[in-house]
Structures are given as structure tokens and as C-alpha cells.
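Structural overview for review
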Amino acid sequence: MIYSFWIQILEHVNYIGAACLFVVGLYTVVTHNNFIKKIIGINIMETSVFLLFVSIGFVHGASPPVLTLGDTGGPFVNPLPSALILTGIVVGVSITVYGLSMVIQIHQLYGTIELDEILDTEESKDDSPHA
Amino acid sequence: MLSLHLPVYALLAPLIAALILPLTTDGDSRQLRYIVGGAALCATALAAVSLKGTLGGDVYTYYFGNWIPGVGIEFVINIFSSFMSLVVVFISTLVIFYAFRNITHDLAQHLIPYYFTLIFLMLFAMVGMIYTNDLFNLYVFMEILSLTSCAIVSIKRKGRNLLASLKYLMQGTIGSVSILMGIAFLYMVSGNLNMSALAELMPDIWQSHSINVLISIGFILTGFGIKAAVFPLHTWLPDAHSSAPTPSSALLSGLVVKIYLFAAMKLLFQVIGVDIMREVGLQLFLVLFAVSGMIMGSVFAIGQTDIKRVLAYSSVAQIGYIALGISLASPAGLNAAFFHVVAHALMKGALFLSAGAMIFTTGKRNVNEFSGMGYRMPFSMTVFTIGAFGMIGIPGFAGFISKWYLGLAVLDGGHPWILLIILLSSLLNAMYYLPIIIKAFLCHECETVPSVMERDGLPATMWVPMAIMAVLIVLLGVFPQLLMNITGQMPHLFL
């Protein structure tokens, strides 16, 4: 009984990993003040979804979906999720690049990439008469 | 041949324009304006022709690369998608013409072609999101839309824009990752990404894997809630919409948030289905969020002094109205929601464009400095007044009609207490719009009351779009059946 429970866990370790990564990523985005760390958090969240999506397509004991001449067929791994996630990775990269380019500009303007320090300077700007 | 590919041309026109525009380097040249204006008008004409094709209840289905649905991507263009894409393209065209002159106020010369590139990519993504019938394709269009809408905020390159845009990017990405997670949970049990096929499988899936469906509803609603700025998840909206250049604010507030609501509607009604929604008790849950947004958005708006921030918070409240109509899940509610989508796009467009015109000419953003504005810029202030009266719901303007039908739908749905909240929200709207108008026209805080009205001195590309929007607001307020005849055909596609 206990043995089969652990087998269940091991078989679904991808799903558990995806759930953990999602939470870790969300925690990183929400709690950190550093913009780079926030972007890393976003990336972790995206990776968790990619992991889940690719794991869905896996079929136990199946072969890769490559047909050769005279192939008898049989269970194949679903190739569609992997193909979709390739697109997803491209989307993730473009978000990361765009976010990082904005972080560079913010660093040039404020000299820091810590959100709390930037908010302090913004507030002191608001208080000064020549805002 | 033309009729076969027609709806896709409406999608391709903005994409082609977006690809050509970076080649021009001079931001103020006639050439650029001809390309931009021509492409926008072309897209409007194509969207209008595809609306004409679907008016009788016909549906275009388009398979990309002729792959069968389930393997490839399918577009379904029914009266809802063709009409809403026409609204999107038409209002964007007005804003694009307005942007020719206004954007020179905010952007350096060499950035202007890129700005229009971003606008056209955004237009492409919006139309694509309305047309598509494939969940993953929806996700891809959504990411194009969220990246471009962040970019038209950050293109101004001031500190505040960058911070607002980064906040928008972070929260938007959390939203889209949640949506993709929800899609994954649906794909896990159905093996299908096509919305119509999923809808057919849904009753069986609900019997066998109800937990997956519930988790998926949770992720998808949270995601679209963030993207569409439904009340407690709205925190990115005021910053992004108020710091953006004026044409961007008008597009983001008037159109972009609603596209996410449409996508949420597609998933809720066309994939999950009303029966499952009723079984879970989703409606009341959504109604509560919508209603709290209607009140809190207006409450926040009262405390603001920046004119564009007032308008941005007012958007949070207005999204509450649309979400309320949707969450009633009755034909009357959906009809009111669709009417309000169009009415709000026009009203918020008119408000942002006229506020932008005043900022463009006088440089004043603070509502406390608006006294006497009615004498300085009578035309812009009149357009602003028409938009504001619409927002408050004064009879004779489009906003009154949508509130009226929303009220009838609420009574039909058996929630009479919401009527009081609609009334309260209208009064709150009056509380922050009327003082601006009173200050501008009655001028009792001016040092000397001007004896003559000046002319606005706006270029034609700026005042004509504003005038068209103002006229349409009044027209829809007086003859609502012009629009109701079309929106009335839409609810049965969802229920």
C-alpha cells in the first residue's frame, strides 16, 4: 500500500514539480524588490507551465513519434505539446528580453533597480515644488 | 476566391502595415501618414465587408494551411466576431488619425514609425483574438497583445512610463501564465485545443474529471481577471493608462481590456458552458467582483487630481458594468454588456482624446487647473462633456441606454439589489465628472471670467475623430436600436 503510494508520487513527479515551480516563481515575483529577480520569477513560472504541458504529452512505454519505412505503428508520444511549448518558449524569451531592456533603461534613469529605492526617489520628487 | 479568404485579409492588413512601417525613417512625413491612414482605412473596409457577409447569420470558418480542426488552427467568424472586430478597427482608425499630430507632442521624431508599427501589431493581435477558435492560438495572440500594449506605454521613456509598463508586464505575464496553465489542465483531459470540439467533449469531461475543469476555470478566470483589470486585480491599470501617450491610453482603455473579457467569455460560455457555470455557482461569484469594481473604481477616481488618472480609474468601474452584464449569463445581460462595450469604447475614446487635446494645447493635466477651460478650448471641453454625460448615464447619451438595459437585465435575473448599486455607481460617476465640467464652463474660480471664447486651434486630424466619436455617442443615445438590432443577434451564440 505504502509502496504503491510512492510509485504514484514518482509517476507524477513532473506534475508536483510543476506545481512547486509555479508557487516558487509567483513568490519570487511578488516578494522581491529587485527587478532582475522579478524577471527570474516570471521565467520560473513560465518554466513550470512548460514542464506541465510537455509532461501531458508523455505516454508510458511509447516510442518517439518518428515514422520509419515499414513501421508497424503502436503507441507514440504525443508530439503536439512539445511543438506548442516551442512557441511558448519563444514567447517567454521575448517577454524576458523586453523586460530586461526596460530594466536597463530604468537603471540609466534612476541608478538602481530596487523598486523600494525608486519609489522613495519618486516620492521625494513629488514633494519638491518643481515636480 | 475573395470570399474564401476575406476575413483573413482584415487580419493581414494591419500586419502588413506593421511590417512596412519601420522602413520609413521620417516620423513627420506625408508618406508615413498615407501608409498608416491607408492601412487603417483598408482594415476598416475589410472588417465592414466581412460584417456584411455575416449579418444574415452566416458563419465563415477558415482553416489555416487547410489543416483539419484539432490539428490545425481554426478561425470562426460569426456576427459577434465580425462586428466586434469592426468596432475595434474603426475606433483604432479614429485614434490613429488623431495620433498623427498628437503623438509628436510625446515622442521623438525617429520613434513615430515604430509607434505606429506597435499600434498595428496590437490591432492585428486584437482582431486575431476575436477571430480565433483555438486555445493555444488565443494564448499566442494574447502575448502579442500584451507585449505591444506594454510597449506603447513604455515608448515614452520617462521614468514613470517605464515603471508602469514593467508593472503591467509583470502582472500581465502572471495572468497569461495562469491562462496557459488553465489551458494545460483542459488539454490534459480532452486532448483537444479546438474550442468547438472541447465544448462537445465538455459534458463527458465534467462527469469524469470535474477537478481538472474546476482548476482550469480557476486559473483561466484569475488570468483574464488580471488582464482585463477586474476589480481587485486592477492595480496595474491606473499607472499604465495614465502615463501612456494619449492615443495609447484611448486604445488601452477603450479596446484592449475588453478583448480579454471577450476571450474570457468565449472560454466560459463557448467551452465550459452555462450549465457547468450554474452548477458551480460561478455567476454570483462573478457578479460580486463586478459589483465591487463598479463602486470601488469610482471611489478611487474621486480622489485623483490627474485628469488621465481619473479616466483610468473610471475604466475600472466601467469594466465592472461589462463584467456584470456578462456574469448575469442571460440574453438580456449579454446584450447590455455588448452595447456597453461599444458605448464605453466611444465614450472613453472621446474623453481621453479631448483630455489629450487639452494637455496638447495647454499642458494642464491637473483637474484643479481646469477652471475656464471651457472658454479656452470650447470644442474639446464640449466633447469631454458629452463623453462624461454618457459615463454618468444622462438620458440622450449612449451610456444611459446601456445602464437602462443593464438595469432591466438585472431585474430579469432576480437580483434587484444590484439596481441600487448601478444607481450609486452613477452618482459616484457624477461626483467626479461634474466638478470638472462645472469648473471648466462656469469658471467661478477664475481670476477674471473671460468675455470671449477662443477657438481650440486643433488640427483637423485631431478634431475630426473627436467630433465623430461625440456624434456617435449622441446618435446611439437617441437611436439605440441601430446597435441593438446587431447586438441582439449575438447572445444566442454564447448561451
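Okay, so let's go over this structure. (Residues numbered from 1 in each chain as written. Chains lettered and ligands numbered in written order. Predicted model: local features only at pLDDT ≥ 70, side-chain atom pairs only at ≥ 80, totals over all residues. Heavy atoms only, no water.)

For the rest of this paragraph, the subject is the packing of helix H6 (residues 159-190) of chain B against helix H9 (residues 236-243) of chain B. Helix-helix packing: each pair is described by the crossing angle between the helix axes and the interaxial distance. All names here are of chain B. With their axes 9 Å apart at the nearest point, H6 and H9 run at an angle of 140 degrees to one another. Of the possible angle classes, the one that applies to H6 and H9 is oblique. With respect to the hand of their crossing, H6 and H9 are arranged in left-handed fashion. Residues Arg160, Asn161, Ala164, Lys167, Tyr168 and Gln171 of H6 form the contact with H9, whose participating residues are Trp236, Asp239, Ala240 and Ser243. (Axes fitted to C-alpha atoms, helices over the stretch in contact; angles between N-to-C directions. Helix = DSSP H or I, 4+ residues; strand = E, 2+ residues; numbered from the N terminus. Parallel < 35°, antiparallel > 145°, perpendicular 65-115°, else oblique. Left-handed = near helix turned anticlockwise from the far one by under 90°. Contact = heavy atoms within 4.5 Å.)

Facing the 31 residues of chain B at the interface are 35 residues of chain A. Each partner contributes to the roughly 3000 Å² buried at the junction of chain B and chain A, and carbon and sulfur atoms together form 83% of this total. Along the contact surface separating chain B from chain A lie one salt bridge. Ionic pairing is found between A:Glu122 and B:Arg160, a salt bridge with its closest N-O pair at 2.9 Å. Where chain B meets chain A, there are six residue pairs in polar contact (both at pLDDT 80 or more). (Buried area = accessible area lost by both parts, 1.4 Å probe. Salt bridge = Lys/Arg side-chain N within 4 Å of Asp/Glu carboxyl O. Polar contact = N/O pair within 3.5 Å; in protein donor to acceptor, adjacent residues only side chain to side chain.)

A few words on the pattern of salt bridges. Residues and elements named next belong to chain B. Evaluated as defined, the whole model comprises five salt bridges over all chains. Close ionic contact of Asp239 with Lys167 constitutes a salt bridge, the shortest N to O distance being 2.8 Å. You can see Asp239 sitting in helix H9 and its partner Lys167 sitting in helix H6, a full 72 residues away along the chain. Residue Asp306 pairs with Arg365 through a salt bridge whose shortest N-O separation is 3.1 Å. Pair noted here: Asp306 is in the loop between helix H12 (282-302) and helix H13 (307-327) and Arg365 is in the loop between helix H14 (331-362) and helix H15 (373-376), with a separation of 59 residues, a long-range link. What you see here is one network of salt bridges that share partners, running through Lys167, Asp239 and Arg309.

By themselves, these observations are geometric and do not establish any function.
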